Amino acid sequence: MKKLFPLFPVLLLLLLAACFKEKMAVVGLPNDIDPNDTTQAPVKNGVKRKVLLIGISGVRGDAMREATAPNILGLIPHAVYSFDAVTQAPTNSGATWSSLLTGVWSDKHGVTDNTFAGNRFIRFPMGFRYLKTLLPQLRTLSLQAWPAVNNQLVTQADVTVSLPDNDAAVRDSAVNRLKTDPADIVVVGFSQVQTTAHNRGYGPAVPEYMSAITTVDGYVGDLLTALNSRPEKEKEDWLIIVTSDHGGTGNTEGSSSFPERNIFTIISNKKFTKKEVVPPLNSLRAIRYSEIGDYAYSKDPLYNFDSIKQFTVALSVRSAGFDYDPSFIGNKNWASGNNAGWLLCPKGSDKWKFQAGDGAGGARVDLTSTGPAITDNMWHTIAITVDRRTAPGTVVLFQDGVQAGTSSLNNLSPFAPSNDIKLAVGEDITGTYRETDGGADFQLANIRIWDTVWAKADMQKYNHCDTVQVTNPYYSRMIGWWKGIENTGNKLTDAGPLKRDLTLHNPAQWLTQEIDFCNGAIPAPVPQTVDVLPTLLSWLHIAVDPGWNLDGVSWLP
């Protein structure tokens, strides 16, 4: 990049630093991994385009959709916006603010916690560095209620103001500067909503959390009023971006569940036409099982596993952690392991197991997978083969195609209870286990049953994570195949040859997937945290240099 950035801009930066009362950090030029490309500074066109970026820590998109927030939501008639926007794990403020202001994910900028240790901001700098290199005349401000953003992340700001955990003071400082300061880029960060969530909990059902959003909305309204009272407002064209860094669940954030990754993003300008971005119907979705009543079931006598002497079950499961052990799939009342029937369920905080009983209590089987943990928020295929044709019977566990345990079935009989529901997914056959014994948060998809035993070699040969099962030699023996990706209706459609659909007890919680069942990346169909910087740069007519290796894209209409 030596040809593209001559010495003059650097000298100009040093000169500008001496002109401001606030100390301005001067750093090197943006690194470029491709020295042969040609990045050019934008041509001046006489229009004073400016940006107000407001980050509100801890606001989930589903909460913002329902919030009493007339100022923030009042931007929507002239905005590209989404309540389904997402960030990536780790979802702590250090990592997500870094992603927001650098335009790259943690694997590049290096920040994984609130200490900012291991950051690679020299290689992947905060966005002011690009702005000041290409347009050194721009005046940049950062006003934060969480000082770590300014102290650890922000570089080349002409003004930094840190007011720890005091959103009202941040509002006052930002309002005063917006009224008088000839700023071009203003970044404002509020922390009150996240602090409230840590004390009271996240989500639309938490009154204190929703009230905190309303309070910060009032502060945003004050900023917008100040913006409209600027003496040069007729000569300025402001892009307003309001977003959050991460969501949360319970009283915490930091992991990779959807409530923790779910944010909102509003990109507004007076000339924009309203456009909501929602996950397209053709994007991959799967059902989340987390609440009482979240299950699917069949009353079809076909699934009388007492008469099915051999069968194979396989399904894909995704979770960030288990806190109890409701059934993934099975046919028993899980109030007791001695009850007749079988099931697959979580084991401890990160494993899974097979459990079966005969109702008498003397010959139950409990077999835990020997495979690695399955709570890394990736998709894992768990499978069992059951063979009861000869006594005492055998069960074999497989995890991601690899054998993960085997046991005698100890002559268990009967292998099914007397119950109207013959098979349940996400719960036991009573539908009440989560209510009486506790729940867990997981997603299930690609659920399959065959009335035969898969050979061990075939478990490794055929890819169980795909959704195309017609190419393996067991398709004709399939007695149920529920992909769980329909995103509509009150049933799980059977894609197998017998067409035996499952009924959903609750309306499904469909979650859009950023990875497929084989854990391959799927391009995000909605705005992401890393899209904020490319959008900002695009507004200023700055083309993103491929050598910067940013992860985001612009959402300007």
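Draft legend 1. Representation of empty space enclosed by the protein within the structure. Going through the model one piece at a time under the given rule, you end up with two cavities of 30 Å³ or more. Roughly 70 Å³ of internal volume is contained in the largest cavity. Forming the boundary of the largest cavity are Leu53, Leu100, Leu101, Met126, Gly127, Phe128, Leu131, Ile185, Val187, Val532, Leu533 and Leu536. Those elements that place two or more of their residues in the lining of the largest cavity are α4 (93-102), α6 (128-134), β5 (185-190) and α14 (532-539). For the lining of the largest cavity, the class distribution of residues is eleven nonpolar, one polar and no charged. Here the second largest cavity is characterised by a volume of approximately 50 Å³.

Draft legend 2. Region of the structure containing the packing of aromatic side chains. Overall, the coordinates contain 21 aromatic pairs when judged by the stated rule. For the pair Phe190 and Tyr219, a centre-to-centre distance of 6.0 Å together with 40 degrees between the ring planes defines the contact as tilted. Here Phe190, found in strand β5, pairs with Tyr219, found in helix α10 (residues 207-228); they are 29 residues apart in sequence, far enough to count as distant. Residue class for Phe190 comes out buried when judged on its relative accessible area of 1%. Ring geometry for Tyr324 versus Tyr433: centroids 6.3 Å apart, planes at 35 degrees, classification tilted. In this pair, Tyr324 is assigned in the loop between β11 (310-318) and β12 (329-330) and Tyr433 in helix α12 (residues 433-437), connecting sequence segments 109 residues apart. Here Tyr324 falls in the partly exposed class, since its relative accessible area comes to 38%. Take Tyr433: its relative accessible area is 5%, and that puts it in the buried class. A network of ring pairs unites the aromatic residues Tyr289, Phe322, Phe328 and Phe442 as a single cluster. When the ring centre of Trp539 is taken as reference, the NZ or CZ atom of Arg49 above it lies at 3.8 Å.

Draft legend 3. View of the nonpolar core. Within the largest apolar cluster, 47 residues are counted, with the highest numbers of intra-cluster contacts made by Ile56 and Phe190. The leading source of residues in this core is α10, at eleven residues. Once you skip the residues sitting within four places of it in the chain, Ile56 turns out to touch Ile72, Phe190, Val193, Val216, Val220, Val242, Thr243, Ser244, Asp245 and Phe264.

Draft legend 4. Focus on the sheet that holds strand β1 (residues 48-56). With respect to topology, eight strands assemble into an open sheet ordered β4-β3-β5-β1-β6-β7-β2-β8, the strand pairing being mixed. Of all strands in the sheet, those with a lone pairing partner are β4 (159-162) and β8 (275-276), marking the two edges. Sheet topology places β1 next to strand β6 (residues 236-243); eight bridges connect them, and they run parallel. Paired with Gly55 across the bridge in β6 is Thr243. Helix α8 (residues 167-180) contacts β3 (140-144), β4, β5 and β6 of the sheet and is inclined by roughly 165 degrees relative to β5. This element, α14, spans β1, β5, β6 and β7 (265-268) of the sheet and lies at about 175 degrees to β6.

Draft legend 5. Expanded view of the pattern of salt bridges. As enumerated under the stated definition, the model contains 23 salt bridges in all. Of the charged contacts in the structure, one is a salt bridge between Asp551 and Lys108, with a shortest N-O distance of 2.6 Å. Of the two residues, Asp551 is situated in the segment after α14 and Lys108 in helix α5 (residues 106-109); the sequence distance between them amounts to 443 residues. By relative accessible area, Asp551 is classed as partly exposed at 26%. Of the charged contacts, one joins Lys235 and Glu232 as a salt bridge, the two residues approaching to 3.7 Å between their closest N and O atoms. Among the ionic contacts, a cluster of salt bridges with common partners joins Arg65, Asp84 and Glu276.

Conventions we followed
- Residues numbered from 1 in each chain as written.
- Predicted model: local features only at pLDDT ≥ 70, side-chain atom pairs only at ≥ 80, totals over all residues.
- Heavy atoms only, no water.
- 1 Å grid on protein atoms, 1.4 Å probe; cavity = no way out; pocket = protein on both sides within 12 Å on 5 of 7 lines; lining within 4 Å.
- Points joined across faces, edges and corners; volume = space filled by probe spheres on them.
- Helix = DSSP H or I, 4+ residues; strand = E, 2+ residues; numbered from the N terminus.
- Nonpolar A, V, L, I, M, F, W, Y, C, P; charged D, E, K, R; others polar.
- Phe/Tyr/Trp six-rings, centres within 6.5 Å; stacked < 30°, edge-to-face > 60°.
- Buried < 20%, exposed > 50% of the residue type's maximum accessible area, 1.4 Å probe, protein only.
- Lys NZ or Arg CZ within 6 Å of the ring centre and 35° of its normal.
- Core = buried A, V, L, I, M, F, W, Y, C linked by side-chain atoms within 4.5 Å.
- Contact = heavy atoms within 4.5 Å.
- Pairing = 2+ DSSP bridges.
- Axes fitted to C-alpha atoms, helices over the stretch in contact; angles between N-to-C directions.
- Salt bridge = Lys/Arg side-chain N within 4 Å of Asp/Glu carboxyl O.

All we've got here are geometric facts, nothing functional implied.
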